[in-house]
Amino acid sequence: QVQLVESGGNLVQDGGSLRLSCAAPGVTSTIFTVGWFRQAPGKEREFVSAINWNGDDTYYDDSVKGRFTISSDNAKNTVYLQMNNLNPKLTAVYYCVARRLRTAARYDKSTMWYDYWGQGTQVTVSS
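Residues numbered from 1 in each chain as written. Predicted model: local features only at pLDDT ≥ 70, side-chain atom pairs only at ≥ 80, totals over all residues. Heavy atoms only, no water.

**Q** Report on the overall build of the protein, specifying residues and quantitative values.
**A** Counting its regular elements, the protein contains zero helices and eleven strands. Taking 127 residues into account, the globule formula puts the C-alpha radius of gyration at 14 Å, and the protein, at 14 Å, falls close to it. If one aligns the C-alpha atoms of the protein with their principal axes, the spans along those axes are about 40 × 25 × 25 Å. Considering only intrachain contacts with a sequence separation of at least 6, the fraction spanning at least 24 residues in the protein is 60%. Surface accessibility of the protein: about 6700 Å² in total, with carbon and sulfur atoms responsible for 45%. Averaging the coordinates of the 13 positive side-chain charges in the protein and doing the same for the 11 negative ones gives two points 1 Å apart. (Helix = DSSP H or I, 4+ residues; strand = E, 2+ residues; numbered from the N terminus. Rg over C-alpha atoms; globule rule 2.2 N^0.38 Å. Contact = heavy atoms within 4.5 Å. Areas by Shrake-Rupley, 256 points an atom, 1.4 Å probe, with all protein chains shown as cover. Lys, Arg positive; Asp, Glu negative; His and termini not counted. Charge placed at Lys NZ, Arg CZ, Asp CG, Glu CD.)

Next comes the structure, spelled out in structure tokens:
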């Protein structure tokens, strides 16, 4: 089984920054795509960002372009999400997701495309 473990969520002031981490010890090399979703209270889970494990392509929702950066470190079996200039609208639980099987599409914004989900990490931005 592929296990995803998120960390880095915290309380941060308006305008601050955080870096989230997603680790998959031992089996990350078999994964095709890793990404992030978020879920705010009372709302559906929505796509944030994704990266192919070989690092050749990255994808972002329009709401975070120019503010968030996704990256990977294969040697550490870890994917990162650098989040800058945070505001209270971005308060949510952030989930790491992964798909193992390679397809023609290199990512998807639908939750159904991903095989594995982490437990989530809380990001709270104070006003």
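**Q** Lay out the sheet that holds strand E8 (residues 78–83) in plain terms, naming residues and giving numbers.
**A** In spatial order, the strands read E1-E3-E8-E7; together these four strands make up an open sheet with antiparallel pairing. Whereas interior strands pair on both sides, the edge strands pair on one side only; in this sheet they are strand E1 (5–7) and strand E7 (68–73). On average, each strand axis in the sheet is tilted by 15° relative to the strand beside it, whichever way the strands run. In terms of strand pairing, E7 meets E8 through six bridges, oriented antiparallel. Residue pairing in the sheet places phenylalanine 68 in a bridge with methionine 83 of E8. (Pairing = 2+ DSSP bridges. Axes fitted to C-alpha atoms, helices over the stretch in contact; angles between N-to-C directions.)

**Q** Help me get a handle on the environment of valine 12, residues and values and all.
**A** Assignment of secondary structure puts valine 12 in strand E2 (residues 11–13). For valine 12, a relative accessible area of 10% gives the class buried. A sequence separation of 27 residues divides valine 12 from glutamine 39, and the C-alpha atoms of the two residues are 17 Å apart. Sequence-distant contacts of valine 12, defined by excluding residues within four places in its chain, comprise Ser17, Leu18, Leu86, Thr124, Val125 and Ser126. (Buried < 20%, exposed > 50% of the residue type's maximum accessible area, 1.4 Å probe, protein only.)

**Q** Explain the state of the cysteines to me, using residue names and the numbers behind them.
**A** Under the criterion given, the structure shown has one disulfide. Each sulfur of the disulfide joining cysteine 22 and cysteine 96 lies 1.9 Å from the other. For the disulfide bridge between cysteine 22 and cysteine 96, the dihedral angle about the S-S bond is near -80°, and by the sign convention the bridge is left-handed. With cysteine 22 in strand E3 (residues 18–23) and cysteine 96 in strand E9 (residues 92–99), this residue pair connects regions lying 74 residues apart in the sequence. (Disulfide = S-S within 2.5 Å.)

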